[in-house]
Amino acid sequence: MEDFTPEELEQARILFARPATFVMGCAKIEQLPEPDLPEVAFAGRSNVGKSSLINGLVGMSKLARASNEPGRTREVNFFDLDGRMRLVDLPGYGFAKASKTTVKKFQDLGRDYLRGRVTLKRVYLLIDARHGLKKVDDEALDALDLAAVSYQIVLTKADKLKKGEGEKMVAATLKAVAKRPAAFPAVALTSAEKGDGLPELRAEIMRTTGATL
């Protein structure tokens, strides 16, 4: 992650402590809210911990709903952070327990959002820190590169790693995406459970969106 001043970290803490609300879930591209606020989106495999990370960023336990059945997020879900930005939860990929037709439908919706959203500032692609990038993630990376959307890898569940493993995974992940055209050259190491890395990720998002207090 980049270096942030204590002032930036504190401003980001205050920003993300402001009211966050669920706006809507969109099953069709025509249902998307007006592109009138900066947005950052979260993508990743179905069981990578997207809901936990979003909830951790805003300090709420139930803003984004986690499902016991991986692959249940079949809409693009929008959350408003005090009228300053939107956090967007994209449909997961990987272990979706649905027909191939249904899976393709909600993954295509995610791709349509990526291609056409003028207010989208960055996508945060979540990867389980215990496993790193897998073949199933290549399709998502290719789609992001094709859409020419800036994206950053966020490693989740860092609390499950042994000492020193996190730094090694960050280095390996940076190397893996080094030649990808749309990849932002920094990797975040986070734990929603322990709160590790979340202050820096909040500051990164604040800087990326240009949101102010």
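See above for the structure.
Residues numbered from 1 in each chain as written. Predicted model: local features only at pLDDT ≥ 70, side-chain atom pairs only at ≥ 80, totals over all residues. Heavy atoms only, no water.

J.: Mind laying out the overall build of the protein chain, listing which residues take part and the relevant values?
T.: Of the regular secondary structure elements, the protein chain holds 6 helices and 7 strands. The helix and strand sequence of the protein chain, counted from the amino end, reads α-β-β-α-β-β-α-β-α-β-α-β-α. Sorting the 213 residues of the protein chain into buried and exposed places 50% on the buried side. Considering only contacts in the protein chain between residues 6 or more positions apart, those separated by 24 or more positions represent 77%. As displayed, the protein chain offers around 10,800 Å² of accessible surface, 51% of which is attributable to carbon and sulfur atoms. (Helix = DSSP H or I, 4+ residues; strand = E, 2+ residues; numbered from the N terminus. Buried < 20%, exposed > 50% of the residue type's maximum accessible area, 1.4 Å probe, protein only. Contact = heavy atoms within 4.5 Å. Areas by Shrake-Rupley, 256 points an atom, 1.4 Å probe, with all protein chains shown as cover.)

J.: Residues and numbers for the sheet that holds strand 3 (residues 76-81), please.
T.: One open sheet holds the 7 strands; their spatial order is 1-3-4-2-5-6-7, and the pairing between them is mixed. Looking at the sheet topology across the chains shown, the edges are occupied by strand 1 (20-26) and strand 7 (183-189). Averaged over all adjacent pairs, the angle separating strand axes in this sheet is 25°, with direction ignored. Seen against the sheet, helix 5 (residues 165-177) touches strand 6 (151-156) and strand 7 and runs at an angle of roughly 165° to strand 7. (Pairing = 2+ DSSP bridges. Axes fitted to C-alpha atoms, helices over the stretch in contact; angles between N-to-C directions.)

J.: Which residues make up the pairing of strand 7, and what values go with them?
T.: Across the 7 residues of strand 7, 5 count as buried, placing the element largely inside the fold. The sheet contact formed by strand 6 and strand 7 spans 4 bridges and is parallel. By the bridge assignment for strand 7, Leu-155 is matched with Leu-189. Between the parallel elements strand 6 and strand 7, the chain passes through helix 5 in a crossover that is right-handed. (Right-handed = clockwise from strand over helix to strand, strands pointing away.)

J.: Kindly report on the packing of aromatic side chains, identifying the contributing residues and their values.
T.: Under the criterion given, the structure shown has 3 aromatic pairs. Ring centres of Phe-78 and Tyr-113 lie 6.0 Å apart, and the angle between their planes is 80°; on these two criteria the pair is classed as edge-to-face. Placement of Phe-78 in strand 3 and of Tyr-113 in helix 3 (residues 100-116) is noted, with a sequence separation of 35 residues between them. Assigned by exposure class, Phe-78 and Tyr-113 land together as buried. The side chain of Arg-122 reaches across the aromatic face of Phe-184, ending 3.8 Å from its centre. (Phe/Tyr/Trp six-rings, centres within 6.5 Å; stacked < 30°, edge-to-face > 60°. Lys NZ or Arg CZ within 6 Å of the ring centre and 35° of its normal.)

J.: Describe in detail the pattern of salt bridges, supporting the description with residues and values.
T.: Tallying each qualifying case throughout the model produces 16 salt bridges. With a closest N to O distance of 3.0 Å, Glu-39 and Arg-86 form a salt bridge. Residue Glu-39 is located in strand 2 (residues 39-44), and its partner Arg-86 is located in strand 4 (residues 85-89); the two are separated by 47 residues in the primary sequence. With a relative accessible area of 0%, Glu-39 lands in the buried category. For Arg-86, a relative accessible area of 7% translates into the label buried. Note that Glu-39 is salt-bridged to Arg-117, the shortest N-O span being 2.8 Å. Residue Glu-39 is found in strand 2, and its partner Arg-117 is found in the loop between helix 3 and strand 5 (120-128); the two are separated by 78 residues along the sequence. Put simply, Asp-36, Glu-39, Arg-86 and Arg-117 are held in one network by salt bridges that share partners. (Salt bridge = Lys/Arg side-chain N within 4 Å of Asp/Glu carboxyl O.)

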